[in-house]
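# Descriptive analysis of the structure
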Amino acid sequence: MKFFLDTANLKEIQEAVELGVLDGVTTNPSLMAKEGIRGLDNIMAHYQQICELVDGDVSAEVIGTSYEEIVREGEALAELHPNIVVKVPMIREGVKAIRHFADKGIKTNCTLIFSAGQALLAAKAGATYVSPFVGRLDDIGHDGLQLIQQIVDIFSNYGYPTQVLAASVRHVPHLIQCAELGADVVTCPLNVITGLLNHPLTDKGLAAFLADHKRVNG
């Protein structure tokens, strides 16, 4: 499983890089706004900074909703750096644009996936990744993990190369369950990744080892 960090914060990205487990980054307009990144030139420059830190795919989201806008913005983003993956919304015009990008060899991430049918359409159009939103489905009383299972099964049935990128992953159990279900990628905040480090028995065992060492060696 690949670990992507869902952030636009350069400090968090650097911390994940130093941990040695980061495979990529996903961003969106809300994450950019959270970091105070405004204006097209500043946004584009920020994407380049992220790409310089990360040796892997970096999803950069388009803002337009018409086919022409998505294609224009996506091609401009793809020119920034080889690591850029154009993040396209799951709408009719987005699916059309994904086919255009696929034909041109531009990687895409179809975002805002909430059903297996949407994921199937994106895969048929040639998306590199589909991003089903686990936590947001849970929020409205649906089983987000069941959707991950459905998409993994469908893609396996027909040999689609499109990767399942589990998004809106809120906590460690979400991440572990996505791994059990066979998601190719999980994208989440840094605290979810670092949460994998923690177990009370690890802390207790290390404290005992250190105490025994000190008792014997002074």
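A few points on the structure. Residue numbers restart at each chain and count upward from 1, following the sequence in its written direction. With the structure being a predicted model, the display of local features is reserved for residues of pLDDT at least 70 and the display and counting of side-chain atom pairs for 80 or more, all residues being used for whole-chain, interface and lining totals. Each side-chain value is derived from all of the structure's non-hydrogen atoms; neither hydrogens nor water enter the calculation.

## Some points on the layout of surface pockets
Cavity means a closed set of points on a 1 Å grid over the protein atoms alone, one where a 1.4 Å probe fits but cannot get out, pocket means an open set with protein on both sides within 12 Å along at least 5 of 7 lines, and lining means a residue has an atom within 4 Å of a point. Grid points are joined across faces, edges and corners, and a volume is the space filled by probe spheres set on the points. Of the volumes computed, that of the largest pocket is approximately 500 Å³. Together, 27 residues line the largest pocket, and D6, N28, L31, R136 and S168 are the ones closest to its centre. Each helix is a run of H or I in the DSSP string that is no shorter than four residues. Each strand is a run of E no shorter than two, and both are numbered from the N terminus. Residue assignment for the lining of the largest pocket shows that the elements contributing at least two residues are α2 (29–34), β5 (108–113) and β8 (185–188). Residues were grouped as follows: Ala, Val, Leu, Ile, Met, Phe, Trp, Tyr, Cys and Pro as nonpolar; Asp, Glu, Lys and Arg as charged; and all remaining residues, including Gly, as polar. When the residues that make up the lining of the largest pocket are grouped by side-chain class, the tally is nine nonpolar, 10 polar and eight charged. Breaking the lining of the second largest pocket down by element, the ones donating at least two residues are α2, α3 (40–53) and α4 (67–78). A per-class count over the lining of the second largest pocket returns 12 nonpolar, one polar and four charged.

## Looking at the pairing of β5
Each residue gets one of three labels from its accessible area relative to the maximum for its type: buried under 20%, exposed over 50%, partly exposed in between, using a 1.4 Å probe on protein chains only. Of all six residues making up β5, five are buried, and the element is well covered by its neighbours. Looking at chain direction, strand β4 (residues 84–89) and β5 are connected through four bridges and run parallel. Looking at the pairing, P89 lines up with T111 of β5. Since β4 and β5 lie parallel, the crossover through helix α5 (residues 92–103) that links them has a hand, and here it is right-handed. Across three bridges, β5 lies against strand β6 (residues 129–132) in parallel orientation. Paired with I113 across the two strands is P132, which belongs to β6. Handedness of the crossover is the feature at issue here: the chain leaves β5, passes through helix α6 (residues 116–125), returns alongside β6, and the resulting connection is right-handed. Think of it this way: DSSP has to see at least two bridges between two strands before they count as a pair. Here the term right-handed applies to a crossover when the path leading from its first strand over the helix to its second strand runs clockwise, the strands being oriented away from the viewer.

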